[in-house]
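Results of the structural survey
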Amino acid sequence: IVLFLDAAREVRKYSASHLIDKNAKLYPSSYDHIHMKLFRSQRNLYISGFSLFFWLVLRRVVSLIMQLASEIECNTAIQTQVVNANETAKKYMEDNDQLKKTINSAKLDEGKWALRADNEKLKTEVENLKVELKRMTDALSKSQKDASALKKQCDGLTR
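Residues numbered from 1 in each chain as written. Predicted model: local features only at pLDDT ≥ 70, side-chain atom pairs only at ≥ 80, totals over all residues. Heavy atoms only, no water.

So, about the UniProt feature "coiled-coil region" (unreviewed entry) in the protein chain. Here, the residues flagged by UniProt with the feature "coiled-coil region" (unreviewed entry) are residues 82-153. The distance separating the terminal C-alpha atoms of residues 82-153 is 103 Å; by composition the span is 100% helix and 0% strand. (UniProt positions renumbered as here; feature names shortened; annotations may be inferred. Helix = DSSP H or I, 4+ residues; strand = E, 2+ residues; numbered from the N terminus.)

Laid out in structure tokens, this is it:
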């Protein structure tokens, strides 16, 4: 930046036409000498200007490359997180399917156990009813025997 500003100052200094007119009368070769210095100052201005411009462009390119590198790094980290999340989600979905199957089989087993328990209850109830039926039939046959004995007694008394 300093070289660019110095070159711009030199170009202004040697571009002044009044300077050329004064010195041209005093020294005959001063006209060529001033034009030579003007050419050199313009050359330095262009070189330093292009250097400054390319330095700014290069600085911007480097900053963009740094941003790109950080974004690529961030993108890689995010991709690994996504892959891990997908694997975890698949694992959890498989576990969920396993749990659903286990729950369904447990429900079927509970249903079977409930049916078995109901069957056992019904069997014990049937056996209890058979025992009661046998007791009632024995009581009925005893009552019929008592009734027939009473009838015979009645007939015997009547005779």
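Here the narrative resumes.
It is worth spelling out the side chain of Ser41 at this point. Considering the arrangement of structural elements, one finds Ser41 in helix α3 (residues 30-158). In this structure the side chain of Ser41 is engaged in a polar contact, spanning 2.8 Å, whose partner is the backbone oxygen of Leu38. Among all residues touching Ser41, those that are not within four sequence positions of it are Ala7, Glu10, Val11 and Tyr14. (Polar contact = N/O pair within 3.5 Å; in protein donor to acceptor, adjacent residues only side chain to side chain. Contact = heavy atoms within 4.5 Å.)

What follows concerns the pattern of salt bridges. Taken as a whole and judged by the stated rule, the model has two salt bridges. Here Asp6 makes a salt bridge to Arg9, at a shortest N to O gap of 2.9 Å. Note that Asp6 and Arg9 are positioned in helix α1 (residues 2-15) at a spacing of three residues, about one turn of the helix. Given the relative accessible area of 44%, Arg9 is considered partly exposed. The residue Arg9 makes a salt bridge to Glu10 at a minimum N-O spacing of 3.0 Å. Classification of Glu10 as buried rests on a relative accessible area of 18%. One network of salt bridges, with partners in common, ties together Asp6, Arg9 and Glu10. (Salt bridge = Lys/Arg side-chain N within 4 Å of Asp/Glu carboxyl O. Buried < 20%, exposed > 50% of the residue type's maximum accessible area, 1.4 Å probe, protein only.)

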